[in-house]
Every structure is written in C-alpha cells, then in structure tokens.
Amino acid sequence: MPRILDSTRVSIFAVVWIASALSCGTARAEPPIRSPEDAACRLEARAKVFSTPNPQGLELEEIGRRIYFACMKRVAQVTAPAARRGGRRHRSRRR
C-alpha cells in the first residue's frame, strides 16, 4: 500500500510540475501587443518563419525576430513624415 501512495504522489507531482511549466512558458513568451503595426508584424513573422531560407542555420526564434524587426522598420519608414527641406530663411527687417 505505501508503494502505491508513493508512486501516486510522484505522478501527481510530475503532472503538476509539467502543467505549471507549460502554462508559465507561454505567458512569458511574448510581450503585450502595443500597436496595430506590432500585431501585423508579429503575424507576418509567424507566417514566414518556416518558409524563410536559413543558410546560416539560425534558430527559429532568431529568424522570426529578424522578420519582425524588418517589418517594423519597413512600417516605420512608411508612416514617418517626409523630411523637411531647409526652407527659406526669413530675414529680419531693419528699422
């Protein structure tokens, strides 16, 4: 009888430990979404991570990170206002 209780305790402990590890791992995987552009770039990275060529043998997380930051850079360039030229200088009037 004590053997059955010991094995039951061990298996219950193992199940609880695995469940907590899995649930905590997904909670810390990504920071919260901050903008619509952020959400769109995350979706793009998830969609392209497996189809992107990987000649350097990088991990999937690094490939996804590169796709995400390239997307965010591209979006920032599109949404940024055009740089102003050095317009006319206004001369002050002499009195």
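Residues numbered from 1 in each chain as written. Predicted model: local features only at pLDDT ≥ 70, side-chain atom pairs only at ≥ 80, totals over all residues. Heavy atoms only, no water.

Of regular secondary structure, the protein chain possesses three helices and zero strands. Overall, the protein chain shows an N-to-C arrangement of helices and strands of α-α-α. Across the 95 residues that make up the protein chain, the buried fraction comes to 12%. If you sum the accessible surface of the protein chain, you get close to 9200 Å²; carbon and sulfur atoms cover 60% of it. (Helix = DSSP H or I, 4+ residues; strand = E, 2+ residues; numbered from the N terminus. Buried < 20%, exposed > 50% of the residue type's maximum accessible area, 1.4 Å probe, protein only. Areas by Shrake-Rupley, 256 points an atom, 1.4 Å probe, with all protein chains shown as cover.)

Looking at the protein chain as a whole, its pLDDT mean stands at 81, while 63% of the residues score no less than 70. The least confident element of the protein chain is helix 1 (residues 2-27), whose mean pLDDT is 63; the most confident is helix 2 (residues 36-48), at 96. (pLDDT = per-residue confidence, 0-100.)

Okay, the pattern of salt bridges next. In the structure shown here, the tally under the stated rule is seven salt bridges. Measuring nitrogen to oxygen at the nearest pair gives 3.1 Å for the salt bridge that ties Arg-42 to Asp-38. Of this pair, Arg-42 and Asp-38 are both found in helix 2, four residues apart, which corresponds to roughly one turn of the helix. Given a relative accessible area of 11%, Arg-42 falls into the buried group. Each of Glu-30, Asp-38, Arg-42 and Arg-46 takes part in salt bridges that share partners, so that together they form one network. (Salt bridge = Lys/Arg side-chain N within 4 Å of Asp/Glu carboxyl O.)

For the rest of this paragraph, the subject is the nonpolar core. With seven residues, the main nonpolar core is built from Cys-41, Ala-45, Val-49, Ile-63, Ile-67, Tyr-68 and Cys-71. Residue assignment for this core shows that the elements contributing at least two residues are helix 2 and helix 3 (60-79). In terms of residues, this core owes the most to one element, helix 3, which gives four residues. (Core = buried A, V, L, I, M, F, W, Y, C linked by side-chain atoms within 4.5 Å.)

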